[in-house]
Amino acid sequence: YVVNPPHIQVSPQTIVPNAIPFCNTSIGTLICYSPKFLRSAYNYPNNLDGHGQTIVIVDAFGSPTIQQDLALFDAVFGIPAPPSFQVVCPDGCPTFNPRNTFHDEFGWTIETSLDVEYAHAMAPGANIVLVVASTSSGNSINVAEAFAIANYPHSIMSQSFGIPEFLVKGNNAQILQASANFAAAKAAGMTVLASAGDFGATNGASFANAGFPASHPLVTAVGGTQGNPYPTGLASCSLGPPQVC
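Residues numbered from 1 in each chain as written. Predicted model: local features only at pLDDT ≥ 70, side-chain atom pairs only at ≥ 80, totals over all residues. Heavy atoms only, no water.

Engineer: So what exactly am I meant to see when it comes to the side chain of Asn 100 here?
Structural biologist: Along the chain, Asn 100 falls in the loop between strand 4 (85-88) and helix 3 (105-122). What makes Asn 100 buried here is its relative accessible area of 16%. A polar contact of 2.9 Å, which involves the side chain of Asn 100, links it to the side chain of Glu 105. Once residues lying within four places of it in the same chain are set aside, the contact partners of Asn 100 are Phe 61 and Glu 105. (Helix = DSSP H or I, 4+ residues; strand = E, 2+ residues; numbered from the N terminus. Buried < 20%, exposed > 50% of the residue type's maximum accessible area, 1.4 Å probe, protein only. Polar contact = N/O pair within 3.5 Å; in protein donor to acceptor, adjacent residues only side chain to side chain. Contact = heavy atoms within 4.5 Å.)

Engineer: Looking at this model, I keep getting lost on the sheet that holds strand 10 (residues 220-222). Mind explaining?
Structural biologist: The strands that make up a sheet pair up through hydrogen bonds in the backbone, lying either parallel or antiparallel. Taken together, the 6 strands give an open sheet; going across it, the order is 4-5-3-6-8-10, and neighbouring strands pair in parallel fashion. Both outer strands of the open sheet, strand 4 and strand 10, are each paired with one neighbouring strand and no more. Taking the axes of each pair of neighbouring strands and ignoring which way they run, one obtains an average angle of 20° across the sheet. When strand 3 (residues 54-60) meets strand 5 (residues 127-133), the two strands line up parallel, connected through 7 bridges. Note that in strand 5 the partner of Val 56 across the bridge is Val 129. Relative to strand 4, helix 2 (residues 66-77) is tilted by about 155°, and along the sheet it contacts strand 4 and strand 5. (Pairing = 2+ DSSP bridges. Axes fitted to C-alpha atoms, helices over the stretch in contact; angles between N-to-C directions.)

Engineer: I'm lost on unusual backbone geometry in this one. Help?
Structural biologist: For residues besides glycine, phi is generally negative; the peptide bonds are generally trans as well. The peptide bond linking Phe 212 to Pro 213 adopts the cis configuration, its omega dihedral lying at 15°. Checked against the element boundaries, Pro 213 lands in the loop between strand 9 (211-212) and strand 10. In this structure, Phe 61 is a non-glycine residue whose phi angle is positive, near 70°. The topology assignment puts Phe 61 in the loop between strand 3 and helix 2. Residue Phe 61 is classed as buried on the basis of its relative accessible area of 9%.

Engineer: Looking at this model, I keep getting lost on the side chain of Ser 63. Mind explaining?
Structural biologist: The topology assignment puts Ser 63 in the loop between strand 3 and helix 2. Taking relative accessible area as the criterion, Ser 63 reaches 12% and is therefore assigned buried.

Engineer: What is the right way to read the nonpolar core from this model?
Structural biologist: A general tendency of soluble globular proteins is for nonpolar side chains to be buried together. Core analysis: the biggest nonpolar cluster contains 30 residues, and Val 56, Val 58, Val 131 and Met 157 have the highest contact counts within it. Among the secondary structure elements, those contributing two or more residues to this core are strand 3, strand 5, helix 4 (138-151), helix 6 (172-187) and strand 8 (191-195). In terms of residue count, helix 4 provides more of this core than any other element does, 4 residues in total. (Core = buried A, V, L, I, M, F, W, Y, C linked by side-chain atoms within 4.5 Å.)

Engineer: What exactly am I supposed to notice about helix 3 here?
Structural biologist: Given 3.6 residues per turn, any residue in an α-helix points the same way as the ones three and four places further on. The first and last C-alpha atoms of helix 3 sit 26 Å apart over 18 residues, in line with the 26 Å expected at 1.5 Å per residue. Taken across its 18 residues, helix 3 has 15 buried, putting it largely inside the fold. (Expected span 1.5 Å × (residues − 1).)

Engineer: Looking at this model, I keep getting lost on the confidence of the model for the protein chain. Mind explaining?
Structural biologist: Where the model shows low pLDDT, its predicted coordinates should not be examined in detail. In this model, the protein chain carries a mean pLDDT of 83, and residues with pLDDT of at least 70 account for 82%. Counting contacts from residues 231-245, a segment whose pLDDT is below 50, to residues more than four positions away or on other chains yields 26 contacts. (pLDDT = per-residue confidence, 0-100.)

Engineer: Can you help me understand a nonpolar patch on the surface in this one?
Structural biologist: Among the surface-exposed residues, Phe 166, Leu 167 and Phe 207 lie close enough to one another that they form a single nonpolar patch of about 270 Å² accessible area. Along the chain, Leu 167 falls in helix 5 (residues 165-168). (Patch = residues over 30% accessible without salt bridge, like charges linked within 9 Å, V, L, I, M, F, W, Y side chains within 5 Å. Areas by Shrake-Rupley, 256 points an atom, 1.4 Å probe, with all protein chains shown as cover. Salt bridge = Lys/Arg side-chain N within 4 Å of Asp/Glu carboxyl O.)

Engineer: I keep staring at the pairing of strand 6 (residues 156-159) and nothing clicks. Help me out?
Structural biologist: The side chains of a regular strand alternate between both faces of the sheet. Pairing analysis gives 4 bridges linking strand 3 to strand 6, with the strands arranged parallel. Paired with Ile 55 across the strands is Ile 156, a residue of strand 6. In this structure, strand 6 lies alongside strand 8, joined through 4 bridges in parallel fashion. Residue pairing in the sheet places Ser 158 in a bridge with Leu 193 of strand 8.

Engineer: Mind showing me how you'd approach the packing of aromatic side chains here?
Structural biologist: Centre-to-centre distance and the angle between the planes together describe a pair of aromatic rings. Scanning the entire structure with this criterion turns up 4 aromatic pairs. With centroids separated by 5.0 Å and ring planes inclined at 55°, the aromatic side chains of Phe 73 and Phe 77 adopt a geometry described as tilted. Of the two residues, Phe 73 and Phe 77 both sit in helix 2, 4 residues apart, roughly one turn of that helix. One exposure class covers both Phe 73 and Phe 77, and it is buried. An angle of 65° between the planes, with centres 5.2 Å apart, marks the rings of Phe 73 and Tyr 118 as edge-to-face. Of the two residues, Phe 73 sits in helix 2 while Tyr 118 sits in helix 3, which places them 45 residues apart along the sequence. Relative accessible area serves as the criterion here: at 8%, Phe 73 is assigned to the buried category. Judged by relative accessible area, which is 18%, Tyr 118 ranks as buried. An aromatic cluster of three or more residues is present, and its members are Phe 73, Phe 77 and Tyr 118. (Phe/Tyr/Trp six-rings, centres within 6.5 Å; stacked < 30°, edge-to-face > 60°.)

See below:
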């Protein structure tokens, strides 16, 4: 599986809690998405906080600083710590190697932080379990998810990764492993989510194709979106500031 979260360098003076801030970044001025902004954009009910629920987040490699990152995120935005936050590694916790560019370990650390922090921001009353696969291979991801399904029934499982279907259509073993996991998750009363990708209907190819596992019939796909409202309306990226993407 591949992860490719869009990420840029942001200046330390960027954060404006509980506002719709403009951020000075390495590629110009952008709008940053604070938790309050996302709740407003999606008209999130104020009386829902995830109390009594468990969110299982599956990521490869994880992040060696996720505990500290979440604590700082909560402090900046005034969010209480989750009732519990566990990090589990079913097939062994990997040693972080930022030089592993082939598997983009650094990109996975960013995705891990994004997943954990904003799942918690939207559902601060929910328990968070980060299930770390030792690598981004399908076998390792499937082992991690099998563990999550067996140990956290009735939870919500988030998968912020995927791969274009045409790249795995011949890998029946991996697809069958994943399908067995999703069937087990259904039997365990779990909700399984997956990101549909950031590359449109072609997934970076020259022809239309879906992303897996978002395309699986037992998985709810979450498509790429642009936030709304913006202070100046919805717009495409432009060369001059402020950029709104």
